[in-house]
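Below are the chains, spelled out letter by letter.
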Amino acid sequence: AVVSTQSPWGAIITRALVNEEGTHIVSAESGDVLYWDLKSRNVIFQEKQDDIQQIFFYKNQTRCIVVSKKGTKGNFSGLVVSRSIPGGEKQWEFEFPFTTFIKVVMTSDEHHLVCYDADKVKSHLYIHSMKTGNLVSKVMVKYNGFKEVTKLIALPDKPSVVALIDVDKGNVMDIIQRRFIKSIPFWDGTCSTDGRYGLYAPATGGMEMLDLRTGKVCKTLIPKVAEGIFDVMAVFNATNEFVLYYHSGRKTIRAFRRKDGKMIANFRVQADLKGMETTTDGRSVVLGMGDGSMTTLTIADPDKGGIADFLKSLPSRNPEKARGAKTSRASLIYQQNGVEYPSPYDYSIYTDYLKAL
């Protein structure tokens, strides 16, 4: 669906998030929070909130948290507001101080919201209640080898544990017992949905899979090779069966089987990759490109049962069946989400030889 901006003169949309049911969009547009109803394509809620930095859902996507930045350099604070969806009723709000903004994280049990602040003298974690927004505790961050924190991660299998990621390691802390647990060398904050495995994929090349329980390397997926410094993106798929790795220099996405570390695919993208997410069943990966296009790929592991039947069911592999008719290819019209899906056989570049394939 195409949804226009609210302003008749155009607007700058800096953040946008669609719910899983595909019924509503929450967006940050020119200093406002907007709720869009996708069926009517109209704005159903709008409220002023400048300089929005983060948006995410919780409570089965019936609530939305919007984090924005206030103040001037040296005196920044973060404004965290919880609203209902789709009504937009404000549940609570609070502010916390920071020097450099680090995205806030919600614990896996959705009981606490963790915010980070690093000043010139001390660093702290601010623990707030997700129910009321009240400050529960303030934890001082202190451990050997402390470096500037670049990312805050909530471990999916341990509701009371967060990780502070720096350039060299991941530092694990318990926010309930208010203590430092351990440091995991090389961990970049990426972890499987069960919290068991992590990844180390530096910009200089190579990729290793880490066992987060022991902190040791359990598999080397890509050996360290001097290729220069490039943008990389490494993620687990939703079912933790595969690891996906994007390299901006090669402009390829490689897929590795987690169990044995074997590469099963190497796909070249047509433009710079800006976002990569997998579907909840782990079978497909959705790519957002720098040229504005979106591509959906299926992870075809030959060792996985039923993959051949799944591929046969895809519209791209079986256009005639999807169109539901037995007439000539050129005369058939297949609609995908209500939009005509063009047939490659209608273009002159396809010779009789190619049509036979």
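Source: prediction; values computed, not measured.

So, the pairing of strand E7 (residues 76-84)
The buried count for E7 comes to nine of nine residues, which makes it a mostly enclosed element. Residues Phe 76, Gly 78, Val 80, Ser 82 and Ser 84 of E7 are buried on one face, and the alternating residues Ser 77, Leu 79, Val 81 and Arg 83, pointing to the opposite face, are buried as well. By the bridge criterion, eight bridges tie strand E6 (residues 63-70) to E7 in an arrangement that is antiparallel. Paired with Arg 63 across the bridge in E7 is Ser 84. Connecting E6 to the next strand, E7, in antiparallel fashion are five residues, including Gly 71 with a positive phi near 90°. Relative to strand E8 (residues 90-98), E7 runs antiparallel, the two being bridged by eight bridges. Paired with Ser 77 across the two strands is Pro 97, which belongs to E8. Between E7 and E8, which pair antiparallel one after the other, the connecting turn spans five residues, and Gly 88 there sits at a positive phi close to 85°.

As for the nonpolar core
As a rule of thumb, soluble globular proteins bury nonpolar side chains together. Residues Ile 65, Val 80, Trp 92, Phe 94, Phe 96, Val 104 and Leu 113 are the most contacted members of the largest nonpolar core, which totals 17 residues. Where this core is concerned, the elements lending two or more residues are strand E5 (52-58), E6, E7, E8 and strand E10 (112-118). In terms of residues, this core owes the most to one element, E8, which gives four residues.

Focus: the pattern of salt bridges
Applying the stated criterion to the full structure yields 15 salt bridges. The partner of Lys 147 in a salt bridge is Asp 168, and the shortest N-O contact between them spans 2.2 Å. Taken together, the residues Lys 147 in the loop between strand E12 (135-141) and strand E13 (151-154) and Asp 168 in the loop between strand E14 (161-165) and strand E15 (169-174) connect sequence positions 21 residues apart. For Asp 168, a relative accessible area of 34% corresponds to the partly exposed category. Close ionic contact of Arg 257 with Asp 301 constitutes a salt bridge, the shortest N to O distance being 2.8 Å. Placement of the pair is Arg 257 in strand E22 (residues 252-257) and Asp 301 in the loop between strand E26 (294-298) and helix H1 (307-312), with a sequence separation of 44 residues. No difference in accessibility class separates Arg 257 from Asp 301, as the two residues are buried. Connected through shared salt-bridge partners, Arg 257, Asp 260, Asp 301 and Asp 303 make up one network.

Some thoughts on the sheet that holds strand E9 (residues 105-106)
The four strands are arranged E9-E10-E11-E12 in an open sheet whose pairing can be described as antiparallel. Since the sheet does not close on itself, it has two edges, and those belong to E9 and E12, each with one partner.

Digging into the packing of aromatic side chains
Enumeration over the complete set of coordinates arrives at eight aromatic pairs. On the numbers, 5.7 Å between centres and 20° between planes, the contact of Trp 92 with Phe 94 is stacked. Exposure class is identical for Trp 92 and Phe 94. Each is buried. A ring pair is formed by Phe 98 and Phe 101, whose centres lie 5.6 Å apart and whose planes are at 70°; its orientation type is edge-to-face. Phe 101 matches Phe 98 in its accessibility class, with the two residues each being buried. Through pairs of rings, three or more aromatic residues link up here, namely Phe 76, Phe 96, Phe 98 and Phe 101. The residue whose ring lies beneath Lys 69 is Phe 76, and the NZ or CZ to ring-centre distance is 4.9 Å. Stacked on the ring of Phe 186, the Lys or Arg Lys 224 has its end atom at 5.6 Å from the ring centre.

Conventions used here
Residues numbered from 1 in each chain as written. Predicted model: local features only at pLDDT ≥ 70, side-chain atom pairs only at ≥ 80, totals over all residues. Heavy atoms only, no water. Buried < 20%, exposed > 50% of the residue type's maximum accessible area, 1.4 Å probe, protein only. Helix = DSSP H or I, 4+ residues; strand = E, 2+ residues; numbered from the N terminus. Pairing = 2+ DSSP bridges. Core = buried A, V, L, I, M, F, W, Y, C linked by side-chain atoms within 4.5 Å. Salt bridge = Lys/Arg side-chain N within 4 Å of Asp/Glu carboxyl O. Phe/Tyr/Trp six-rings, centres within 6.5 Å; stacked < 30°, edge-to-face > 60°. Lys NZ or Arg CZ within 6 Å of the ring centre and 35° of its normal.

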